[in-house]
Amino acid sequence: MRQLPVKKIGLIVITMLFGYAGFSQKDDSKAKAEIMYELPKHLDWNLENNDISIAVVGGDKDVLKQLSKLSKKKYPYGKSFTSTFFMQPADLMQFEDGVNIIYIGKEFNAQLPQILKYARVTGAVLVSENWDVRKDLMINFKQQDGKLIYEYNAHNLIANEIVIAESFKKAGGKVIDDRSLLDESETNLEREREKVRSQREEMKIQEQKLAFQLKQIKKQTETIVAHKKEIEHQQKLMDEQRRQIELQKQELVALILKAEAQNKQLIAATNILKEKERDVEIQTQKLNEQKAKFDEQQKILEKQKSEIEERQSKIQAQKLEITAQTGIIKTQKNALTIFSVLLAIILVLVFFVVRSNRVQRKQNKLLAEQKSEIEYQAKQMEEINKELAKLSIVASETSNAVAILDQKGRFEWLNAGYTRMHGYTLQLLRNEVGNSLSDVNSHPKIEEILRKSIEQKSAVTFESESLTRQGGKIWAQTTVSPTLNAFGEVDKLVLIDSDITDIKKAEEEIATKNEQITKSILYAERIQHAVLTPKEIVSEYIPEHFVMFRPRDIVSGDFYWAAEKENILIVTAADCTGHGVPGAFMSMLGISFLNQIIAELPMDNLRANVILDQLRDKVKKSLRQTGKEGEAKDGMDMALCIIDKANMKMNFAGAQNSLVLIRNKEIIQYQADDQPIGISYSEHPFTIHELDMLAGDTYYIFSDGYADQFGEKTKKKFFSKRLREMFLQMNEKPMTEQLELLETTFDEWKGARSQMDDVLVMGLRIS
């Protein structure tokens, strides 16, 4: 879309650069040539090959001679330096190779606005002579106190993507305050104020005619703005609720997973403790068995001892009966035998006693170690129970409903939040609804969701509506998260329900309001299409034509319009500030004013520039534009043609939008004035272009929406140059095929990217 004028422009006057403090009259041509020759030393065009070319249009021919001499030298600031002479500015604009520097003689100062626009498009530096419009100049030669100086506008150079070196900025000179520029326009503004005062009465009549329409539009706008603010407020509340729910769900899942892990540790520790208790029991049983065996052996030894004593008594008795003949040797032999037996018995008893003591000490040591281990496990169990108690408090106090299910989706546990939300305890749920999630949840794909969560071992979130036990309807956002055992298999499913009933109600309200807004805009679309010129009017006068009209939104800031007056066709393509509803308001205003102007304008004054001048006055009056800071700068760009087919004549005037003619396989472009229909700082009467039409001529007028569209693949704009080349390539095709080609090319270029702006292209073929 058209960009609004920049309020402040930096203007710097340089009086010394490249070692020149001033030049006499006879050395001016040489000085100018040398200054332009050394410009690349201080300015950077970001060129890939550093080849510098300069175009000389009119002016002092000595400058061209000096440049030719300089170009023969080895160029120190790039690969090459070339200069080309043009008789007229129009010759330069048809030059296809492009230039970096454009030098314009002062005899062409009247055409400098069009040349400046060409320089902005091509990225060239414009060097002028004695041009007084300081805010528009780039580099300008002038005489001051009999010496040659030059001034440059840093803002315009930077806007042309030209980098200014510090050597250029520090060369000397003085900075002219922006106030001087404002003072220049103050006189012009005062004249305009006088015109405004005299035309206010006429404006009141126009305001009364538009009052009803503007009142209706304002009412719809206020309604739309109010709805939009309400939607934004509801959206913010919904986003905040979703964020809080998501944070709570994440915290709860983390706590449940932690509880599951600690519960598994507790179960594992309990199993280890039970195994150790079983080991202790086995060891105790073995010890008791060994003790019983020892007691039994002691009883056997006691019995053997008694038997020995009895035998000793018998032996003693037998000794008394033995005769003295056995002698001392036999007595000693018997005594020795008895002693040996007694010694053996004593040794056996000592062996068993020592062995029993050793076993007893070993068993006592083992029991002490197991006791210490049991005490440690008990302490761990106590800590885990405390942690589980905390988790139990969190699960019971959270506002979310939490449930634990087995791997088949059957309920095993519900928290208090589930009972508060749905009204069911675990027993009531099993008795009145069912035991599995597929019985309880109304989602049509609940079994598929469970299967997906288990197979992928990942959390799944979905929304569903259900009835509480009390009969109320609630919407819940449910997250099912699987927990895994030590083998990586799904052990349990954790279900968390968040109440999103309020969010759903807000979404329904937003949908209703969106529907109301859309209906209002669709009705506005019907009104806009009703005031657009029917294609039959153009078809009757010029059968071969097409209109490509694509609003970015439902309603458009671009509009096409045509009218017939005494066998003369007036046709225009316009681009209003903004798009959508605001742009549509401006288009309604423009169409209304055009109808009024054509109806009141006499035939002898029916000219394109006059229509644009009057339209600008009416727009400024209706929007109360006086040039003051802070007021609206809205307006429109427009290309307007008046066609006299009977005499094969056309006159054209443009506000920012040019006219393209394809004739004999050549592109001819008629430049528009660099000013909008509306307030601007460089305001002047619009220029008229008078043309002789030939059979077979094809004319194109268009807004900037097509050229400004960014491509999905290139990430760049389509650009006007490519559009003009496309006009040339498709010129000989039927107009219906041209329209189809334009639309197909636009869609392919745009791809998946959104449409940037309203698009309008009109083609007219003279037959």
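Residues numbered from 1 in each chain as written. Predicted model: local features only at pLDDT ≥ 70, side-chain atom pairs only at ≥ 80, totals over all residues. Heavy atoms only, no water.

> Which residues make up the overall build of the protein chain, and what values go with them?
Scanning the protein chain from N- to C-terminus turns up 19 helices and 25 strands. Across the 767 residues of the protein chain, 41% fall into the buried class. Partitioning the intrachain contacts of the protein chain with sequence separation of at least 6 by distance along the chain shows that 67% fall at a separation of at least 24. (Helix = DSSP H or I, 4+ residues; strand = E, 2+ residues; numbered from the N terminus. Buried < 20%, exposed > 50% of the residue type's maximum accessible area, 1.4 Å probe, protein only. Contact = heavy atoms within 4.5 Å.)

> Go over a positive patch on the surface, please, and point to the residues and values.
Taken together, the side chains of Lys30, Lys61, Lys65, Lys69, Lys72 and Lys73 define a basic patch exposed on the protein surface. Top element by residues in the positive patch is helix 3 (residues 61-71). It accounts for three residues. Its location among the elements puts Lys72 in the loop between helix 3 and strand 4 (80-86). Judged by relative accessible area, Lys72 falls into the exposed class, the value being 73%. (Patch = residues over 30% accessible without salt bridge, like charges linked within 9 Å, V, L, I, M, F, W, Y side chains within 5 Å. Areas by Shrake-Rupley, 256 points an atom, 1.4 Å probe, with all protein chains shown as cover. Salt bridge = Lys/Arg side-chain N within 4 Å of Asp/Glu carboxyl O. Lys, Arg positive; Asp, Glu negative; His and termini not counted. Charge placed at Lys NZ, Arg CZ, Asp CG, Glu CD.)

> Describe the sheet that holds strand 11 (residues 401-406), naming the residues involved and giving the relevant values.
In a beta sheet, neighbouring strands pair by backbone hydrogen bonds and run either parallel or antiparallel. Taking strand neighbours across the sheet as the criterion, the five strands line up as 12-11-15-14-13 in an open arrangement whose pairing is antiparallel. A strand with exactly one partner marks an edge of an open sheet, and here the two such strands are strand 12 (411-414) and strand 13 (460-467). Between one strand and the next, the sheet's axes are offset by a mean angle of 25°, whatever the strand orientation. Here strand 11 pairs with strand 12 via three bridges, running antiparallel. Paired with Ala403 across the strands is Leu414, a residue of strand 12. (Pairing = 2+ DSSP bridges. Axes fitted to C-alpha atoms, helices over the stretch in contact; angles between N-to-C directions.)

> Account for the packing of aromatic side chains, naming residues and giving values.
Under the definition given, this model contains 10 aromatic pairs. Between Tyr103 and Phe141, the ring centres sit 6.4 Å apart and the planes meet at 70°, which makes this aromatic pair edge-to-face. Of this pair, Tyr103 sits in strand 5 (residues 101-104) while Phe141 sits in strand 7 (residues 139-144), placing them 38 residues apart in sequence. Neither Tyr103 nor Phe141 differs from the other in exposure class; each is buried. When the ring of Tyr700 is compared with that of Phe727, the centres are 4.0 Å apart and the planes differ by 0°; the resulting orientation is stacked. Highlighted residues: Tyr700 in strand 24 (residues 698-702) and Phe727 in helix 18 (residues 720-730), separated in sequence by 27 residues. Take Tyr700 and Phe727: they sit in the same class, and that class is buried. An aromatic cluster of three or more residues is present, and its members are Phe546, Tyr700, Phe702 and Phe727. In this arrangement the basic side chain of Lys504 is found over the ring face of Trp475, its NZ or CZ atom lying 4.7 Å from the centre. Seen from the ring of Phe718, Arg722 lies directly overhead, with NZ or CZ sitting 5.3 Å from the centre. (Phe/Tyr/Trp six-rings, centres within 6.5 Å; stacked < 30°, edge-to-face > 60°. Lys NZ or Arg CZ within 6 Å of the ring centre and 35° of its normal.)

> Quick one: what's the story with empty space enclosed by the protein, residue by residue and with numbers?
This structure, assessed with the given rule, holds four cavities of 30 Å³ or more. By volume, the second largest cavity is sized at about 50 Å³. Arg242, Ile245, Glu463, Gln477, Ile500, Ile503, Lys504 and Glu507 are the residues that line the second largest cavity. For the lining of the second largest cavity, the secondary-structure elements that each account for two or more residues are helix 8 (178-321) and helix 14 (501-531). Per element, the largest residue contribution to the lining of the second largest cavity is three residues, and it comes from helix 14. For the lining of the second largest cavity, a count of residues per class yields three nonpolar, one polar and four charged. (1 Å grid on protein atoms, 1.4 Å probe; cavity = no way out; pocket = protein on both sides within 12 Å on 5 of 7 lines; lining within 4 Å. Points joined across faces, edges and corners; volume = space filled by probe spheres on them. Nonpolar A, V, L, I, M, F, W, Y, C, P; charged D, E, K, R; others polar.)

> Give a description of the sheet that holds strand 18 (residues 568-576) that names residues and reports values.
Spatially, 17-18-19-20-23 is the arrangement adopted by the five strands of the open sheet, whose pairing is antiparallel. Each end of this open sheet is capped by a strand with a single partner; those strands are strand 17 (558-565) and strand 23 (689-692). Adjacent strand axes in the sheet meet at a mean angle of 15°, parallel and antiparallel pairs treated alike.

> If you had to explain the pairing of strand 22 (residues 666-670) to someone new, which residues and values would you point to?
Judged from the five bridges that link them, strand 21 (residues 659-663) and strand 22 form a sheet pairing that is antiparallel. Counted as the bridge partner of Ile662 is Ile667 from strand 22. Between strand 21 and strand 22, which pair antiparallel one after the other, the connecting turn spans two residues, and Asn664 there sits at a positive phi close to 50°.

> I'd like a description of unusual backbone geometry, backed by residues and values.
Backbone geometry at Lys457 places phi at a positive 55°, although glycine is not the residue there. Position of Lys457 among the secondary structure elements: in the loop between helix 13 (446-456) and strand 13. Judged by its relative accessible area of 45%, Lys457 falls in the partly exposed class. You will see that Lys665, though not glycine, has its phi angle at about 60°, which is positive. Tracing the sequence through the fold places Lys665 in the loop between strand 21 and strand 22. The class for Lys665 is exposed, based on a relative accessible area of 62%.

> Could you give an account of the nonpolar core, with specific residues and numbers?
Residues Phe559, Ile611, Met638 and Ile643 are the most contacted members of the largest nonpolar core, which totals 57 residues. Discounting chain neighbours no more than four positions away, the residues touching Phe559 are Leu532, Thr572, Ala573, Ala574, Cys576, Ser587, Gly590, Ile591, Leu594, Met636, Met638 and Leu760. In terms of nonpolar packing, the next biggest core, distinct from the first, is built from 49 residues, Ala31, Ile54, Tyr103 and Val127 among them. (Core = buried A, V, L, I, M, F, W, Y, C linked by side-chain atoms within 4.5 Å.)

> Can you explain the environment of Leu148? Please cite residues and give values.
Examined against the element boundaries, Leu148 turns out to sit in strand 8 (residues 147-152). In sequence terms Leu148 and Ser29 are 119 residues apart; their C-alpha atoms lie 10.0 Å from each other.

> Kindly report on the side chain of Asn415, identifying the contributing residues and their values.
Along the chain, Asn415 falls in the loop between strand 12 and helix 10 (416-422). For Asn415, a relative accessible area of 3% puts it in the buried group. One polar contact links the side chain of Asn415 to the main-chain amide nitrogen of Val402, over a distance of 2.9 Å. Within the local environment of Asn415, its side chain forms a polar contact with the backbone nitrogen of Tyr418, the two atoms lying 2.9 Å apart. (Polar contact = N/O pair within 3.5 Å; in protein donor to acceptor, adjacent residues only side chain to side chain.)

> Kindly report on the environment of Ala574, identifying the contributing residues and their values.
Among the secondary structure elements, Ala574 is positioned in strand 18. Look at Ala574 and you get buried, because its relative accessible area is 0%. Along the sequence, Ala574 and Asn657 sit 83 residues apart, while their C-alpha atoms lie 8.1 Å from each other. Ignoring sequence-local partners within four residues, the contact set of Ala574 consists of Gly557, Asp558, Phe559, Asp637, Met638 and Leu760.

> With reference to specific residues and values, describe the environment of Asp575.
Looking at the element boundaries, Asp575 is found in strand 18. Each C-alpha atom, one on Asp575 and one on Asp637, is 5.1 Å from the other, the two residues being 62 residues apart in sequence.

> Explain the pairing of strand 7 residue by residue, including any values.
Of the pairings in the sheet, the one linking strand 6 (residues 125-129) to strand 7 comprises three bridges and is parallel in character. Looking across to strand 7, one finds that Glu129 is bridged to Phe141. Relative to strand 8, strand 7 runs antiparallel, the two sharing six bridges. Bridge pairing in strand 8 places Phe141 opposite Tyr150.

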